[in-house]
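Overview (structure and organization)
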Amino acid sequence: MTASELNLIKNPQQQHHARRVAVCRHAQKMGIGALLVTTPVNIFYLSGFSGSNGVLALCANAEATLVTDRRYELHARHETTADHVLLERDALAQAAQVAGNLAAATAHGSQVGFEAEHLTVAQFQQLRGTVSPELLSPTTGIVAEVRRHKDPEEIDTIARACQIAEAALAEVVSDIRIGDQEVQIARQLEFAMLRLGADDKAFATIVAAGAHSAVPHHVPTAAPVQTGDLLKIDFGAKLGHYHSDITRTFVVGRDPDTEQLAIHAAVADAAERARAVVRAGLPAEVPYRVARESLDAVGWAQNFTHGLGHGVGLEIHEAPIMTAVTTSRLVTGDVITVEPGAYFPGRGGVRIEDTLVVTESGARALSSYPRALARVG
């Protein structure tokens, strides 16, 4: 199933089946006859089940068995498109037994794959007691690779999550006053997103004022915003299980000074240049390198201390990750962030972040909040 074929499917039953087919094709190339899916977000992606306890046993012909406990009986039968639902207290052991039987019966291989990045050591030991150790095969990223190809419905949901987040930001920044606490602003923003239709915040909201804005992942405190502070706000809305991710930087209480304008202009130029090169087929490290070279031209490459961006979807951080050492290429349907920054300890920092969808001809922005260094308060 190609990405374009996946995109044409609307019915959830057909959609999940097509996703399972794509995953099975990857697994078969590794000689895997059945795959144990234990990561909750991957179980949801392949079957629609959103409960907190479950294991999906997937065989080579894309037939799926969901194993969960009796707390989720009605939940599972209402949500899941899996072919079979089993109710067992020990979901992993039962699913492993099912997977072992499926793998033994397939012509594609007798190996039972498991998600090595999610399974704990204790769970792995439990698997070894159910499936012969020589038949267990660790896998990484099989489902995540398929998830990269977002279909139009997924993209639309993320775009709506961006719109909710931006509407909330517009409300909150219009009411910021000198002396407001970082944590107060963060909670107001989160409440506004919920009131405007979000299911939840996408991640822990970052509101960082003054010297705190130089900390890329600052945790909001009771510190008050003061006149002249750079105010960095990194946040997003969660809608229908999908996330958005946006960062904007403001100046509090007065127009920006010359230094603040220079830093913001340099980051804005790096972001624009990086967005301009994004397209399907491009090595994922190239936009990072373009942004870093742009900041290096003004002597601030050393103040850009993190990767350029990451995939966004059912998780706030998913493939691809765009850094200097990334080896993958961008693909059609990737939803990514582009978020360069420049940070000056003790003084402040600027980050500008947008959520984009990758196409064959370039990138389309799903976020559209003005990027200028605006005054608030």
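Below is a short write-up of the structure. Every chain is numbered independently, its residues counted from 1 as its sequence is written. At least 70 in pLDDT is required for a residue's local features to be given in this predicted model, at least 80 for side-chain atom pairs to be given and counted, and no such filter applies to totals for whole chains, interfaces and linings, which use all residues. Based on all heavy atoms of the structure, the side-chain values leave hydrogens and waters out of the count.

Section: the overall build of the protein chain
Put simply, the test is: Elements are defined by DSSP. Helices are runs of H or I of four residues or more, strands are runs of E of two residues or more, and each kind is numbered from the N terminus. We take the radius of gyration over the C-alpha atoms and set the globule estimate at 2.2 Å times the residue count to the 0.38 power. Classification of residues uses two cut-offs on accessible area relative to the type maximum, computed with a 1.4 Å probe and protein chains only: under 20% is buried, over 50% is exposed, and between them is partly exposed. Whether two residues are in contact is decided by their heavy atoms, any of which lying within 4.5 Å being enough. His residues and chain termini do not enter the charge count, which takes Lys and Arg as positive and Asp and Glu as negative. Here the site of a charge means atom NZ of a Lys, CZ of an Arg, CG of an Asp or CD of a Glu.
In terms of helices and strands, the protein chain carries 11 helices and 20 strands. Taking 377 residues into account, the globule formula puts the C-alpha radius of gyration at 21 Å, and the protein chain, at 23 Å, falls close to it. Dimensions along the principal axes, computed over C-alpha positions, put the protein chain at roughly 70 × 40 × 40 Å. Considering the protein chain as a whole, with its 377 residues, one finds that 54% of them fall into the buried category. Residue pairs in contact within the protein chain that sit at least 24 positions apart in sequence constitute 66% of those at least 6 positions apart. Of the charged side chains in the protein chain, 33 are positive and 42 negative, and the gap between their average positions amounts to 1 Å.

Concerning the nonpolar core
Put simply, the rule is: Among buried residues, the Ala, Val, Leu, Ile, Met, Phe, Trp, Tyr and Cys ones that are joined through side-chain atoms within 4.5 Å form a nonpolar core.
Formed by 67 residues in total, the largest nonpolar core has its most connected members in Leu231 and Ile233. Ranked by residue count, the leading element in this core is helix α8 (residues 152-173), at 11 residues. The residues contacting leucine 231, other than those within four sequence positions of it, are Ile176, Val207, Ala208, Ala209, Val225, Arg248, Thr249, Phe250, Val252 and Val376.

Topic: the pairing of strand β6 (residues 136-139)
Using the following cut-off: Strands qualify as paired when DSSP identifies two bridges or more between them. If the strands point away from the viewer and the path from the first strand over the helix to the second runs clockwise, then the crossover is right-handed.
Looking at chain direction, strand β5 (residues 111-115) and β6 are connected through 4 bridges and run parallel. If you follow valine 112 over to β6, its bridge partner there is leucine 136. A crossover links β5 with its parallel partner β6, the connecting element being helix α6 (residues 121-128), and its sense is right-handed.

With respect to the sheet that holds strand β12 (residues 246-252)
Going by this rule: Helix axes are fitted to C-alpha atoms over the stretch in contact, other axes to C-alpha atoms as well, and angles between N-to-C directions run from 0 to 180 degrees.
Spatially, the 4 strands line up as an open sheet ordered β8-β9-β12-β20, and their pairing is mixed. Both outer strands of the open sheet, β8 (206-209) and β20 (375-376), are each paired with one neighbouring strand and no more. When β8 meets strand β9 (residues 230-235), the two strands line up antiparallel, connected through 4 bridges. Paired with alanine 208 across the strands is lysine 232, a residue of β9. In the packing of α8 onto the sheet, contacts are made with β9, β12 and β20, and the angle to β12 comes to roughly 10°.

Focus: the pattern of salt bridges
As a reminder of what qualifies: The salt bridge criterion pairs a side-chain nitrogen of Lys or Arg with a carboxyl oxygen of Asp or Glu, the two atoms within 4 Å.
Per the stated rule, a full pass over the model turns up 24 salt bridges. Residue lysine 150 pairs with glutamate 318 through a salt bridge whose shortest N-O separation is 2.8 Å. Of this pair, lysine 150 sits in the loop between α7 (142-147) and α8 while glutamate 318 sits in strand β14 (residues 318-322); the two residues are 168 residues apart in sequence, bridging distant segments of the chain. Residue class for lysine 150 comes out buried when judged on its relative accessible area of 2%. Residue glutamate 318 is classed as buried on the basis of its relative accessible area, which comes to 8%. For glutamate 339, the salt bridge is made with arginine 351, and the minimal N-O distance between the two is 3.8 Å. Taken together, the residues span a long stretch of sequence, with glutamate 339 in the loop between β15 (335-338) and β16 (341-344) and arginine 351 in strand β17 (residues 348-351) at a distance of 12 residues. Residues glutamate 339 and arginine 351 agree in their burial class; the two are buried. What you see here is one network of salt bridges that share partners, running through Arg147, Lys150, Glu315 and Glu318.

Considerations on the sheet that holds strand β10 (residues 237-239)
With respect to topology, 3 strands assemble into an open sheet ordered β7-β10-β11, the strand pairing being antiparallel. Here the strands that pair on one side only, and so sit at the sheet edges, are β7 (200-201) and β11 (242-243). Summarising the sheet, β10 and β11 pair through 2 bridges and their orientation is antiparallel. Counterpart to lysine 238 in the pairing with β11 is histidine 243. In the packing of α8 onto the sheet, the strands contacted are β10 and β11, and the crossing angle to β10 comes to about 140°.

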